[in-house]
Amino acid sequence: MNGADVRFYTSILMRRSPYLAAITAAVLAIAVAVAFVLPPVYRASAKILVEAPQIPADLARSTVAIQAVQQLQIIRQEITTRNDLLKLADKLEIYAPSKEPPADEDIVNDMRSRITFEEIVLGAPDGGPAASVFSVAFAAAEPVLAAEVANELVDLILFKQQQQRTGRAAETVQFFNQEVARLGLDLNLIEAEILKFKNENSDTLPDSLEFRRNQQTSRQERLISLEREESDLLGKRSSLAESYALTGQLPEGEAATPEQQMLLQLNRALADQLAIFSETSPNILALRRRITSLQETLQGRQAQEAQPSSKKKRHSTFDLQVSYIDERLRAIARERAAITESIGALTKSITATPASETVLNSFERNRANLQTQYNTAIARRAEALMGEKIDKRSDGGRFSILERATPPESPETPKRFRIALMGAVGGVGLAVAFVALLEFLNGTIRRPVELASMLGQKPIATIPYISTAEENRFAIKRTLAAVLPAAAVPALLTAIHYLYLPLSVMAQSAFGWLAAMG
């Protein structure tokens, strides 16, 4: 591009400057109007500090197992539900100035669009659990209202967090209390059943099985001993009867009475003791006294008995021995019957012991399972009580207000100066595009290059258009008339921008004074 081209394009811009100025001024005016028509939006924010658990989890656990950040996210969803948002809007009268009350759905959607949450994670310097800061902001047309709503949201979050923790801890403790009571009742019932079963089946319990087996063995041995004694007595009786029938006399050396048998046993014991002890031994002297006493008793009994004839004496002795043997045989029969019955009862109880043991093992197994569950419930209840104390003290994950919301001094939106500046830039761009379009559609020849292109030959010389002095003055006036308004708009915009804040403050003060007077 040479100097001629620059002068050509500059002349085009100068010639089209009214269009440039008009379009730029129009777009800029529209942008300024839009910037000042848009209502101000104030955003107030409060900060919540979410701290990590104060007590290590390996020492004591909180009832609420979720992390504090996750809990805050859950609470965030809760407070943005339909009912909570409608209650909040009604409590603070957010939509009271409206001439027509909006519908509930519109209120809920508008409230959700105004509320914003932001999280800032703070790392722990010692490598411990990190803390987080949540910013809760609300946008409103009035700065005081924005701050009130933001603070109300923060208070609601803290209330729900404490309510959630303490409520869940109380529910957990109540659940384990019910479990402990239920398992304790089940234990009492099954122990009562075990006691009843043991009382009803005391003869077949496995605990006494060894004792009953020993009893059975001893009774069997006693039964064998009785059978042997019975056999001996029967043989002795038969021998006595046979000897008395053949000779009419009793066998010598036979003891007719129990006293005589006792005397024989004492004499044998004396003989055995003399082989060990001396004559002056206390055992020997005691045996001799008993033998002497028994001999005197027998001699006295024999002296009292009448002695009409020797045959009658022998007959009386025979009858006495036979009577003693018969009496002993009857006693053996009775004892054998009792032992046999006892052995049968013991055998029956021993046979029934496995069935009783199976039932008792089932009871014991159920009791052991219930006891394990009961002990576990007791331990869990203790943990729940400890967790409830932790949650009541907020040591399991504390939420605290780091900074409450204050009414903002300036609105967040609209950015009036930025909107006006963007309007100015857009107007210039639109004006340049319009001028370029006009030049593109213009087919007249205005440069030697265009003439040479059309003729196919380079002209010898070109005579430019010579304007008169009147035409030059008119062109200057037209340019100034288009440029001066376009240059005045940015200056006016800048002045309004710097004067807007004091004027708004004065207007608010005036409205407040009028409201107080009214």
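These numbers were taken from a predicted model, which means no experiment stands behind them.

Peer 1: Sorry, what's going on with the overall build of the protein here?
Peer 2: Scanning the protein from N- to C-terminus turns up 13 helices and 4 strands. Across the 518 residues in the protein, those meeting the buried criterion constitute 28%. In the protein, once contacts between residues fewer than 6 apart in sequence are set aside, the share between residues at least 24 apart is 79%. Accessible surface, the protein as shown: approximately 33500 Å² in total, 59% of it carbon and sulfur.

Peer 1: Can you walk me through helix H11 (residues 416–441) in this structure?
Peer 2: Because each turn of an α-helix spans 3.6 residues, side chains separated by three or four positions end up pointing in the same direction. Over its 26 residues, H11 runs 37 Å from end to end, which matches the ideal 38 Å to within 8%, given 1.5 Å per residue. Taken together, the buried positions of H11 are occupied by Arg-416, Ala-420, Gly-423, Ala-424, Gly-427, Ala-431, Val-435 and Glu-439.

Peer 1: Would you take a moment to explain unusual backbone geometry for this structure?
Peer 2: Glycine aside, a negative phi is what most residues show, and trans is what most peptide bonds show. Despite not being glycine, Glu-93 shows a phi value in the positive range, around 55°. Mapped onto the secondary structure, Glu-93 falls in the loop between helix H4 (82–92) and helix H5 (104–114). Here Glu-93 falls in the exposed class, since its relative accessible area comes to 54%.

Peer 1: Hey, could you run me through the nonpolar core in this one?
Peer 2: Where a protein is soluble and globular, its nonpolar side chains tend to be buried together. Ile-48, Ile-94, Met-111, Phe-138, Val-149, Ile-157 and Phe-399 are the most contacted members of the largest nonpolar core, which totals 33 residues. Counting only elements with at least two residues in this core, the list comes to strand E1 (42–50), helix H3 (68–79), H4, H5, strand E2 (115–122), strand E3 (131–140) and helix H6 (143–200). Sort the elements by how many residues they give to this core and H6 lands first, with 9 residues. Beyond its immediate chain neighbours, meaning those up to four positions away, Ile-48 contacts Ser-132, Val-133, Phe-134, Val-136, Val-154, Ile-157, Leu-158, Phe-399, Ser-400 and Leu-402. Grouped together as the second largest cluster of nonpolar side chains are 11 residues, Leu-183, Ile-194, Leu-360 and Leu-370 included.

Peer 1: How should I be thinking about H4 in this particular structure?
Peer 2: Residues of H4 that are buried: Asp-84, Leu-85, Leu-88, Ala-89 and Leu-92. Down the axis of H4, the sector holding all buried residues measures 130°, keeping them to one side. Residues Asn-83, Lys-87, Asp-90 and Lys-91 are exposed on H4 and point more than 90 degrees away from its buried face.

Peer 1: So what exactly am I meant to see when it comes to the packing of H4 against H5 here?
Peer 2: Packed helix pairs are characterised by how far apart their axes lie and by the angle those axes make with each other. The contact between H4 and H5 brings their axes to 9 Å, and the two run at 90°. Accordingly, the angle class assigned to the pair H4 and H5 is roughly perpendicular. On H5, the residues that touch Arg-82, Leu-85, Leu-86, Leu-88 and Ala-89 of H4 are Asp-104, Glu-105, Ile-107, Val-108, Met-111 and Arg-112. Class assignment of the residues belonging to the contact of H4 with H5 gives a composition of 7 nonpolar, no polar and 4 charged.

Peer 1: How do you make sense of a nonpolar patch on the surface when you look at a structure like this?
Peer 2: Side chains of Ile-30, Val-34 and Leu-38 sit close together on the surface and give an oily, nonpolar patch of about 250 Å² of accessible area. Within the element layout of this structure, Leu-38 appears in the loop between helix H2 (17–37) and E1. Given a relative accessible area of 36%, Leu-38 falls into the partly exposed group.

Peer 1: Please clarify how the packing of H2 against H11 should be interpreted in this entry.
Peer 2: Remark: H2 packs on H11, axes separated minimally by 7 Å, with the N-to-C direction vectors making an angle of 155°. One finds that H2 runs roughly antiparallel with respect to H11. Considering how the two elements wind past one another, H2 and H11 form a crossing that is right-handed.

Peer 1: What should I look at first to understand the pattern of salt bridges in this one?
Peer 2: Opposite charge on two side chains makes pairing possible when the charged atoms of those side chains draw close. With the rule as written, the count across this model stands at 13 salt bridges. As a salt-bridge pair, Lys-91 and Glu-152 come within 2.6 Å of each other at their nearest N and O atoms. With Lys-91 in helix H4 and Glu-152 in helix H6, this residue pair connects regions lying 61 residues apart in the sequence. Since its relative accessible area comes to 55%, Lys-91 is described here as exposed. Salt-bridge contacts for Arg-404 lead to Asp-155; the nearest nitrogen and oxygen are separated by 3.2 Å. Taken together, the residues span a long stretch of sequence, with Arg-404 in the loop between strand E4 (399–403) and H11 and Asp-155 in helix H6 at a distance of 249 residues. Judged by relative accessible area, Asp-155 falls into the partly exposed class, the value being 31%. Within the structure, one salt-bridge network assembled from shared partners comprises Arg-82, Asp-104 and Glu-105.

Peer 1: It is not clear to me how the environment of Asn-369 should be interpreted in this structure. Could you clarify?
Peer 2: Relative to the helices and strands, Asn-369 is located in helix H10 (residues 310–392). When the C-alpha positions of Asn-369 and Leu-187 are compared, they lie 9.7 Å apart, and in sequence the two are 182 residues distant.

Peer 1: Would you mind going over the side chain of Gln-216 with me for this structure?
Peer 2: With respect to the helices, strands and loops of the structure, Gln-216 is situated in helix H7 (residues 209–247). Among the residues examined, Gln-216 registers a relative accessible area of 16% and is labelled buried. Once you skip the residues sitting within four places of it in the chain, Gln-216 turns out to touch Ile-343, Leu-346, Thr-347 and Ile-350.

Peer 1: Help me understand the environment of Leu-88, please; the structure alone is not making it clear to me.
Peer 2: Along the polypeptide, Leu-88 turns up in helix H4. With a relative accessible area of 7%, Leu-88 lands in the buried category. Each C-alpha atom, one on Leu-88 and one on Val-149, is 8.1 Å from the other, the two residues being 61 residues apart in sequence.

Peer 1: Is there a simple way to think about the environment of Asp-84 in this case?
Peer 2: Position of Asp-84 relative to the elements: it lies in helix H4. The buried category is assigned to Asp-84, whose relative accessible area is 18%. Between the alpha carbons of Asp-84 and Val-108 there is a distance of 9.3 Å; along the sequence they are 24 residues apart. Dropping the residues within four chain positions of it, Asp-84 is found in contact with Glu-78, Ile-79 and Lys-160.

Peer 1: How do you make sense of the confidence of the model for the protein when you look at a structure like this?
Peer 2: Segments scoring low in pLDDT should not have their predicted coordinates read at a detailed level. Scored by pLDDT, the protein comes out at a mean of 75, with 70% of its residues at no less than 70. Taken element by element, the predicted model of the protein shows its lowest mean pLDDT in helix H13 (residues 469–517) (53) and its highest in H5 (89). A low-confidence stretch, residues 309–315 (pLDDT under 50), is modelled with 5 contacts involving residues beyond four sequence positions or located in other chains.

Definitions and limits used
Residues numbered from 1 in each chain as written. Predicted model: local features only at pLDDT ≥ 70, side-chain atom pairs only at ≥ 80, totals over all residues. Heavy atoms only, no water. Helix = DSSP H or I, 4+ residues; strand = E, 2+ residues; numbered from the N terminus. Buried < 20%, exposed > 50% of the residue type's maximum accessible area, 1.4 Å probe, protein only. Contact = heavy atoms within 4.5 Å. Areas by Shrake-Rupley, 256 points an atom, 1.4 Å probe, with all protein chains shown as cover. Expected span 1.5 Å × (residues − 1). Core = buried A, V, L, I, M, F, W, Y, C linked by side-chain atoms within 4.5 Å. Arc of directions from axis to C-beta. Axes fitted to C-alpha atoms, helices over the stretch in contact; angles between N-to-C directions. Parallel < 35°, antiparallel > 145°, perpendicular 65-115°, else oblique. Nonpolar A, V, L, I, M, F, W, Y, C, P; charged D, E, K, R; others polar. Patch = residues over 30% accessible without salt bridge, like charges linked within 9 Å, V, L, I, M, F, W, Y side chains within 5 Å. Salt bridge = Lys/Arg side-chain N within 4 Å of Asp/Glu carboxyl O. Left-handed = near helix turned anticlockwise from the far one by under 90°. pLDDT = per-residue confidence, 0-100.

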